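Now for the letters of each chain:
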Amino acid sequence: MPTLDVRDIPPVDRHDTIHDEFAALAPGETLTIVNDHEPKPLFYEMAAEVEAFDEEGYSVTEAAPDEYRAEFPKRE
């Protein structure tokens, strides 16, 4: 499954980049986002705007104080 580290992407470009990567997924795949903070605003945005986002399958873990790994699954 693809992993996208957005920590080096300018904040203004992050959500568009994530949406593009998510759209390119096949149904049933999961996009892992690596971020410097918990991506709760992105979760709410995806839940509201992206029908293919499986919000029930979403999970996030804190790997380090500046490294959060969030799983964004795409519905089958």
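This one's a predicted model, so the numbers in the text were calculated from it and none came from an experiment.

Draft legend 1. Structural context of the sheet that holds strand β4 (residues 67–73). Here four strands make up an open sheet; going across it, the order is β1-β2-β4-β3 and the pairing mixed. Unpaired on one side and paired on the other, β1 (3–5) and β3 (59–64) mark the two borders of the sheet. Ignoring which end each strand starts from, the neighbouring axes of this sheet average 20° apart. Bridge count for β3 against β4 is five bridges, and the pairing is antiparallel.

Draft legend 2. Summary view of the packing of aromatic side chains. Within this structure, the stated rule accounts for seven aromatic pairs. For the pair Phe-22 and Phe-53, a centre-to-centre distance of 6.3 Å together with 75° between the ring planes defines the contact as edge-to-face. Residue Phe-22 is located in helix α1 (residues 11–23), and its partner Phe-53 is located in the loop between α2 (40–49) and β3; the two are separated by 31 residues in the primary sequence. Accessibility assignment for this pair places Phe-22 and Phe-53 in one class, buried. Seen from their ring centres, Phe-53 and Phe-72 are 5.5 Å apart, and the 40° between their planes marks the pair as tilted. You can see Phe-53 sitting in the loop between α2 and β3 and its partner Phe-72 sitting in strand β4, a full 19 residues away along the chain. Exposure class is identical for Phe-53 and Phe-72. Each is buried. Taken together through their ring pairs, the aromatic side chains of Phe-22, Phe-43, Tyr-44, Phe-53, Tyr-58 and Phe-72 make up a single cluster. Taking NZ or CZ as reference, Lys-74 lies 5.6 Å from the ring centre of Phe-22, over its face.

Reading the values: the criteria
Residues numbered from 1 in each chain as written. Predicted model: local features only at pLDDT ≥ 70, side-chain atom pairs only at ≥ 80, totals over all residues. Heavy atoms only, no water. Pairing = 2+ DSSP bridges. Helix = DSSP H or I, 4+ residues; strand = E, 2+ residues; numbered from the N terminus. Axes fitted to C-alpha atoms, helices over the stretch in contact; angles between N-to-C directions. Phe/Tyr/Trp six-rings, centres within 6.5 Å; stacked < 30°, edge-to-face > 60°. Buried < 20%, exposed > 50% of the residue type's maximum accessible area, 1.4 Å probe, protein only. Lys NZ or Arg CZ within 6 Å of the ring centre and 35° of its normal.

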